[in-house]
Structures are given as structure tokens and as C-alpha cells.
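What follows is each chain in one-letter form.
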Amino acid sequence: MIIVIDFGSQFNQLIARRVREHNVYCQVESSDISLERIRSLNPKGIILSGGPSSIYEDNSPSIDKSLFDLGVPILGICYGMHYMVHSLGGRIKKAQKKEYGFANLNIIDSYPLFKDMGTGFQCWMSHGDSAMELPKNFVITASTENTPIAAIANHNKKFYGLQFHPEVEHSINGSKMIDLFLFNVCHCSKSWTMRSFCDGAIAQIKDAVGEKKVIMGLSGGVDSSVAATLIHKAIGKNLFCIFVDNGLLRKNEKETLEHNLIKKLDLNIRFVDEKEKFLSGLKDVVDPEQKRKIIGSLFIEVFEAEAAKIEGAEFLGQGTLYPDIIESKSAFGGPTSIIKSHHNVGGLPEIMKLKLIEPLQLLFKDEVRKLGLELGINEDLIWRQPFPGPGLAIRIIGEITTSRLEILREADAVLLEEIRKAGLYRELWQSFAVLLPIKSVGVMGDKRTFANCIAIRAVTSNDAMTADWAKLPHDLLGKISNRIINEVENINRVVFDITSKPPGTIEWE
Ligand code: XMP
């Protein structure tokens, strides 16, 4: 295992994923982790992440300095390198000006992280402070024009520092450097594969659950489907799934679920129709956070009532992923804050006094997909775009009514059909329609109209932490717009959202 210490970098999940891509297990830990805990995890190497702070700021992130006495190889990236230099007796210079973007790295010593990379390459910088004086026994291994100390090494201790970010895609040789750190420095083995994860997870679930019963909410999305399949493989008929129709689902949601999971897996499942309850709970509510909270608590209420009908259930299965856990821990590494209250993490177990089974909690989304394929789930389901727990409620800006839901459902179905036909469905992280709370004037068949407006949202992303608006072809946009206006009643205008995340979020609410 490799541990990434979170000093607040927006890239630290990316570092973990890059490591895992090399089939080495990697975990992100908060900088207040104790030394005993690190020892008990027995890492082969530690990566100190970057972060937005300057080493000289009050409350800049730090970690127990005995970390440097553990005898474990350490790679410091950006702030992580500054922290290493500062802690071991070197000096960091406060920035006069920030260096941001591409720089040409000149290699001084290619051992061990720049092996076979010639005399230099382009790297990606984003920093203010720089190292000025190195601690004892450190040497400079690379420099750039503006940053004389761009990479450092203490070969004896196997401590390395990089001022630039090898984890971002723009850094040429980034993956190679990580490979060299993992295998030539830390001597990791390539044991992190979905096959080994799958076998281990099934054994663990069997061990934890025994002959007892597990209940689980199924949403029809990738995460809960993969988690349910995994749990089903482990305990078979002792898994009881509940599917709540909250009236906020997309067109044909239930049918798709039936087709993909129930027929194939022979899952125990209860369908609960609670459309009315959710709609009346949401009546006149326009505030996004309130919508989320109401849906969250109604879901708990309904789920609890259904679960009570399953006698003797002691466990609750959930498809929680690793990023959900990181995003929900507000104490995590300082700046990682909760932007929106996601209703699928936490909540249920406290009230229900059930023990949690979260077999995907160590996985990133792309790994869940690989696991799903390993489990034999069909590709259509594996590549489904994510759909939020609060459903269409957070895609209807303003009040939610049956007729507004119907409009959005139809417009969304048209959009998805065209995206699929254009072969873009998989490429996009998400593509969906949003119903806006405004009406505008139009003209259709010589008649003046005053009707609703749909926004098209389509984004590319790797993990939903950041996202870019998708550059959909103009003719496709035209086709979607035409079809929505012609086929969906009460829509006379379609607009395209060209906002990235940040500063926008993917969902509109
Ligand atoms: P935002 O809008 O925060 O969304 O950029 C990031 C990703 O999370 C999904 N999302 C949710 N998923 N429950 C969920 O299960 C929620 O409450 C929720 N809110 C947002 C969103 O669709 C996107 O993929």
C-alpha cells in the first residue's frame, strides 16, 4: 500500500488514482493521522500531497515529523516537498510571483525518478513558494528556468521532492515517474486488481454477515447495482433490495432496472410506489438544500417502514464510493468542504441501528465499472451516467409539480436518445435536461407562444470533482433543440449550458 497524506491539494485523489492505475493499492489519509496508524497500515511508501498553503502561514497543514524516521520512502509533491525541506532543516523562499503552467524541466540527476527521460521534458507547475536551501544530504535532481530547485533527492533515506505535479495529465512522463517511485524505489508489487478485490470483498462480506440478512436500497445506478451484485454473490437470497419510486425518476427507470438486474440476477426486490408522498412533501419548496433535505428524510422514512417488514435484518448495504467518503468528511485535510448535502452518505444507519456493509468504499468510479464487468453485469448498466439521489427534483429549478416533472422527463428522454444515437453517451460523464423557472416568447405555426425553457447540460469529467462543459457538435445541439421543441409540450426554447466545474457545479441545484 501507498499512503497519500492530504495537505489540501485538489489533486490528491488524482494521485491515489494514478498509483492504483499501476495496480498498487493507495489510500488518501488526513494530515492529522497518527504515526501508530501509519505504522499499522504498513505502507511501502508515502506521498505528501501538494496544497494551497504556504509553509509560513499560520495553521498551514503539518504532520507528525517522526514520519521522517519511519524508514519508509517519501515523495513530496509541491507543498509536500516544501514541507519536507522545511521540516528537515532546509529553507523555503516566500514567493515574489507565482509560477503557473508549463515549464521545461532540465534533468541534473536521472536517478531514480527521471530514468530514461533524456535531458529534460515539459512539466506542469502551480506554486508560489520555492525551496531555497536544501536540508543536509539532499541534492538537486532537476531545475527549470524560474525554479532552480525543481526536484530533489536524499538517496540514502529515499526521500524525493518534485516542485511540479506528476499526477496531472499535462506533465509528460508523469505516469512513468510514479511507476519508478512505486516499483524502483518502494518495491511495491502489482497486487491491486479487480479480480483480487472481488474475491477478497466476497470473502469479507460472507465473513461479516454469516447467515444474517442484509437490506439495501437499489437506485438502478451503477454503484448500487454493483454493490448489490457483489453482496448477492456473497450471501444470495439473504440480500433484500428495496426500490423506492419517489416520482422523481427519469422515463422508463423501473423498466431498465428490471431488465438489467432483476431478470438476470434473480434478486429479492420490493418495489415501493411513494410518488404521492414525495410530491406532497415537496409542494411549494424552491430552495435546493431544502429539497435535498426533504427528499433525504422522506427516503429514510419510507425505507425504514419497508425495512421493518423484513424481519431480522441486521445489515444495511450501500454503494458508497471512496470519493463520497472523502467529500463528506468536512474535517478532511482542511479545505475539502461540503458544497451540497448528498443524501446517499450517512443518515440511514444512525437512525436504523443497522450495521453498514459498504463493499465499494475503497473504490473510485472507474474501478467500480471494472468490478461490475468482472461480475458479469451488462455493459449498458456499467456505463450508465450517474443520476443524483434527489433525482429530477434538483433539475427542476423552482417548484416541482407533476406537470413540470412530465415536461422534464420527456425532454430528458429526447436528449439522451440523441446523445446515444450520436455515440457520445459513454464519452460524457453526464448529459441531461434542466427545466428553468422562466417562460419566454416564441412563435410556432404563426402563433405567439409563451412557454418554458429547457437547458441542456453535458459535461466531461473523470470523477465529478471537476468537470468541463462538453463541446457537443452544433448539428447535434440543433437536432436536440428541434426535437424537444417539437415533441415536448410547453417548451419553446432550448439553451446550452457552457459552465465548467468549478465555478459551476454539474447539477443546477
Ligand atoms: P455537483 O452538482 O455537486 O455534482 O457538481 C457532482 C456529482 O454528484 C451527483 N450528485 C448527487 N449524487 N446524491 C447523489 O447520489 C446527491 O444528492 C447528489 N447531488 C449531486 C451529480 O449528478 C454529479 O454526478
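Residues numbered from 1 in each chain as written. Predicted model: local features only at pLDDT ≥ 70, side-chain atom pairs only at ≥ 80, totals over all residues. Heavy atoms only, no water.

## Notes on the pattern of salt bridges
For step 1, the next point in the chain: A full pass over the atoms with the stated rule returns 32 salt bridges.
For step 2, the next point in the chain: Between Glu507 and Arg395 there is a salt bridge, and its shortest N-O distance comes to 2.9 Å. Note that Glu507 is positioned in the segment after strand 20 (491-496) and Arg395 in the loop between helix 13 (379-382) and helix 14 (402-421), a separation of 112 residues in sequence.
For step 3, the next point in the chain: The class for Arg395 is buried, based on a relative accessible area of 2%. (Salt bridge = Lys/Arg side-chain N within 4 Å of Asp/Glu carboxyl O. Helix = DSSP H or I, 4+ residues; strand = E, 2+ residues; numbered from the N terminus. Buried < 20%, exposed > 50% of the residue type's maximum accessible area, 1.4 Å probe, protein only.)

## Focus on the domain arrangement of the protein chain
For step 1, the next point in the chain: Along its sequence, the protein chain is carved into domain 1 (2-185), domain 2 (194-382) and domain 3 (395-496).
For step 2, the next point in the chain: Relative placement of domain 1 and domain 3: their C-alpha centres are 44 Å apart. (Domains from an automatic or database assignment.)

## Side note on helix 9 (residues 288-308)
An α-helical turn contains 3.6 residues, so any two residues separated by three or four positions project in the same direction.
For step 1, the next point in the chain: Between its first and last C-alpha atoms helix 9 spans 30 Å; for 21 residues at 1.5 Å apiece the expected length is 30 Å, and the two agree.
For step 2, the next point in the chain: Lys291, Arg292, Ile294, Ile295, Gly296, Leu298, Phe299, Ile300, Val302, Phe303, Glu306 and Ala307 are the residues of helix 9 that are buried. (Expected span 1.5 Å × (residues − 1).)

## Some words on the nonpolar core
For step 1, the next point in the chain: Ranked by internal contacts, the top residues of the largest apolar core, which has 51 residues, are Ile215, Ile400, Ile419, Ile454, Leu472, Ile484 and Ile491.
For step 2, the next point in the chain: In terms of residue count, the dominant contributor to this core is helix 14 (eight residues).
For step 3, the next point in the chain: Counting residues domain by domain, this core receives three or more from each of domain 2 (194-382) and domain 3 (395-496).
For step 4, the next point in the chain: Once you skip the residues sitting within four places of it in the chain, Ile491 turns out to touch Ile407, Leu435, Ala451, Asn452, Cys453, Ile454, Ile484 and Ile485. (Core = buried A, V, L, I, M, F, W, Y, C linked by side-chain atoms within 4.5 Å. Contact = heavy atoms within 4.5 Å.)

## Some words on the sheet that holds strand 15 (residues 313-317)
For step 1, the next point in the chain: Across the sheet, which stays open at both edges, the five strands sit in the order 14-13-12-15-16 with parallel pairing between neighbours. At either end of the open sheet lies a strand with only one pairing partner, and these are strand 14 (268-273) and strand 16 (355-357). Taken over all neighbouring pairs, the strand axes of this sheet differ in orientation by 30° on average, direction set aside.
For step 2, the next point in the chain: Taken strand by strand, helix 5 (residues 194-209) contacts strand 12 (213-217), strand 15 and strand 16, and its axis lies near 165° from that of strand 16.
For step 3, the next point in the chain: Strands strand 12, strand 13 (239-245), strand 15 and strand 16 of the sheet are contacted by helix 6 (residues 222-235), whose axis makes an angle of about 165° with strand 12. (Pairing = 2+ DSSP bridges. Axes fitted to C-alpha atoms, helices over the stretch in contact; angles between N-to-C directions.)

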